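Secondary and tertiary structure notes
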Amino acid sequence: MTVDQALFQFLLRLGDNTLILGHRVSEWCGHGPVLEEDIALANTALDLIGQTQLWLGLAAEVEGKGRSADNLAYLRDAWEFRNLLLVERPNGDFGQTLMRQFLFDAWSSLMLEKLCDSSDIRIADIARKASKEVTYHLERSSDLVVRLADGTAESHAKMQAALDDLWPYTGEMFIGDDADDILVANGIAPNPADLRAAWLTIVQRLETESTLTLPESDFAHQGGKSGRHSEHLGYILTEMQWLQRAYPGATW
Amino acid sequence: MTNEMPLWEVFIRGQHGLNHRHVGSLHAADAELALLHARDVYTRRNEGVSIWVVPSASITASAPSDKGPLFEPSNDKVYRHPTFFDIPDDVGAM
Amino acid sequence: MMYAQMVKSTGNAVKSPTEMTEQERAFQARIDAGEKIEPKEWMPDGYRKTLIRQIGQHAHSEIVGQLPEGNWITRAPTLERKAILLAKVQDEAGHGLYLYCAAETLGVSRDELLTALHEGRMKYSSIFNYPTLTWADIGAVGWLVDGAAIMNQVPLQRCSYGPYSRAMVRICKEESFHQRQGYDIMMKMANGSDAQRAMAQDALNRFWYPSLMMFGPSDAESVHSAQSMAWKIKIDTNDGLRQKFVDQTVPQAEYLGLTIPDENVKYNEETGHYDYSDPDWSEFFDVLRGNGPCNKERLGARVKAWENGAWVRDGLMANAAKRSAKVAAE
């Protein structure tokens, strides 16, 4: 694998994460528990879509085959996507959505911090822009998760259930492969495993501030980063890509 | 209503502003959440830099300047409590 | 008019000056002088009640209005269209929020307004009971529905009640891109493939008359309209706004090369306006009564969001109480 090939994979991973997560969050529009939350979720989704355009745009540039961010988003099939399994999990209830967001934001903030120092200036630039947004996302998702976990007995139970459900999908964030090794060797991106300790520190806030219990199992579902996705992605892409697939070549 | 989230007034000082201006209100369970929501609701187009949130119930407002038949000295809060409806005109200061 | 559907201001004809009390005369004089009425000031009971219903229903319209467009966010055909639509729907939520806050200055809580909506005691604009079948509908909604709403909202910036008028100023500022993005979608489609052009025409066919209905039936005989106009809560007549909308929109349709689904639409040299056919008002009243294509789904979605969100609101409030107790104990 060349550096550019590894880089292409890495950028697809980043862009597909924000694409699929932004898509999921946007499903809440008009259905939030309170009006202010509807607005906040829409903001989060908008930030994620913006980051998608940047990451997939750079991916297309690195690939050098004349594709665009939109081509990558709307014309690849499920086995070509590179997002984490975590972000394709269904929204579930508000607690599951916020827990998914918190677990992802914690990782994303650490990854972006490292990418600000990437030897690839283009990546460092995007990371700097995205960092500001993700710092805010993490503040918001952690504040909400901690509050709901220490609210009523019902809200606590729901947050614990969400944490239990999503925990097995977090391990994937820290498992590296050949592409990651090449990027580490070239100073472009961090070793995924190196982020785990800092991530745990952030996530442990759940235990100290809200009496949630972190699950003990260290089993990790994997496959998203190499295109082996859950069934959910098929449904997501059917909805997302339908117009472009039904009317090939049309301008919208 | 039982358990309704309290109302907060939002004040924002823009990037080149000298003072905080009142921009509106929103509902939130506590002050930190009110700040986060204020950022999302009132600075969606990056209009603001410094945000203050104050519980509406904490705001004391001056009486309207007109006196005469239009002056109603019933209470001195800007936003009425939902139980407003039956305050008689001639009750005087409360 | 659009948010005042089923608003009954006083049930009586506008009072003549001799029929008014001294307070009512002074109040009317302030309105006539163009002064703003503010929350703390004396106002007739009918003024307050009419405003609560009108502002409240306007707010309900914004949040219910998120649904027909919101359901296309996940199907938007490009990343840019996705972001633009999401921003627009988010704006609508924000507008609802400003309006609920304006209504709350009149002595009602947002929760009370929402309960009234969920129980069917308050309404929202009838247009949102129509389905968005295709992507072209998103264009048509932006072009026609937002176009009609803007026509109504711009004059309301001058309404007599301060908080409502200020909310309208804020809303109008943010509204500017909504209609343009809808028309931009229509242009791309009208100038696109045959299939896209057909989709655009189909959307216009289905949204034309419901958009005309948004302004409400003729208020020539309505005492309620007269009172609202005297109080400057309503600025223009329903027919006046509808004619203005038609005059503005017909040339826009012609520019797109699309056909308005009304063979009577024709420029009238004598009047200087476009002639047009009235919508079928029996359909309007059916929709108001709950028999529109999407009434049950729209209200159902709002009720479900509210009920499913109860544990969240309760959880956050319980946590806030714990925080206060902790602070008090320190």
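Look a little higher up for the structure.
Notes on the structure follow. (Residues numbered from 1 in each chain as written. Chains lettered and ligands numbered in written order. Predicted model: local features only at pLDDT ≥ 70, side-chain atom pairs only at ≥ 80, totals over all residues. Heavy atoms only, no water.)

**Here's the deal with the overall build of chain A**
What chain A contains, in helices and strands, is 11 helices and 0 strands. Listing every helix and strand of chain A by position from the N terminus yields α-α-α-α-α-α-α-α-α-α-α. Taken over the C-alpha atoms alone, chain A extends approximately 55 × 45 × 30 Å along its principal axes. For chain A, the residues scored as buried account for 59% of the 252 residues in total. Of the contacts made within chain A by residues no fewer than 6 positions apart, 81% connect residues no fewer than 24 positions apart. Accessible surface computed for chain A: about 9,500 Å², of which carbon and sulfur atoms make up 51%. Side chains of chain A give 21 positive and 38 negative charges; the mean places of these two sets differ by 4 Å. (Helix = DSSP H or I, 4+ residues; strand = E, 2+ residues; numbered from the N terminus. Buried < 20%, exposed > 50% of the residue type's maximum accessible area, 1.4 Å probe, protein only. Contact = heavy atoms within 4.5 Å. Areas by Shrake-Rupley, 256 points an atom, 1.4 Å probe, with all protein chains shown as cover. Lys, Arg positive; Asp, Glu negative; His and termini not counted. Charge placed at Lys NZ, Arg CZ, Asp CG, Glu CD.)

**A few points about the interface of chain A and chain C**
One frequently used descriptor of interface size is the decrease in accessible area upon assembly of the parts. Taken residue by residue, the interface counts 48 residues in chain A and 46 residues in chain C. Taken together, both faces of the contact between chain A and chain C bury some 4,000 Å²; the carbon and sulfur share is 67%. The interface formed by chain A and chain C includes 2 salt bridges. Going through the elements one at a time, helix 1 (3-26), helix 2 (35-63), helix 3 (69-75), helix 5 (94-115), helix 6 (121-149), helix 7 (153-166) and helix 11 (231-246) of chain A are the ones with two or more residues in the side of chain A that touches chain C. (Buried area = accessible area lost by both parts, 1.4 Å probe. Salt bridge = Lys/Arg side-chain N within 4 Å of Asp/Glu carboxyl O.)

**Topic: the side chain of Asn91(A)**
Residues and elements named next belong to chain A. When you line up the elements, Asn91 lands in the loop between helix 4 (85-88) and helix 5. For Asn91, a relative accessible area of 9% translates into the label buried. A polar contact is formed between the side chain of Asn91 and the backbone oxygen of Arg24, at a distance of 2.8 Å. For Asn91, the residues in contact, after removing those within four places along its chain, are Arg24, Val25, Glu27, Trp28, Gln96, Thr97 and Arg100. (Polar contact = N/O pair within 3.5 Å; in protein donor to acceptor, adjacent residues only side chain to side chain.)

**Quick look at the nonpolar core**
Judged by nonpolar contacts, the single largest core of 194 residues is most densely connected at Met99(A), Trp107(A), Leu115(A), Trp199(A), Leu206(A), Tyr47(C) and Trp135(C). Excluding its chain neighbours within four sequence positions, the residues that come into contact with Trp199(A) are Leu103(A), Ala106(A), Trp107(A), Leu110(A), Trp167(A), Thr170(A), Met173(A) and Phe174(A). (Core = buried A, V, L, I, M, F, W, Y, C linked by side-chain atoms within 4.5 Å.)

Function-wise, these values are silent; they only describe arrangement.
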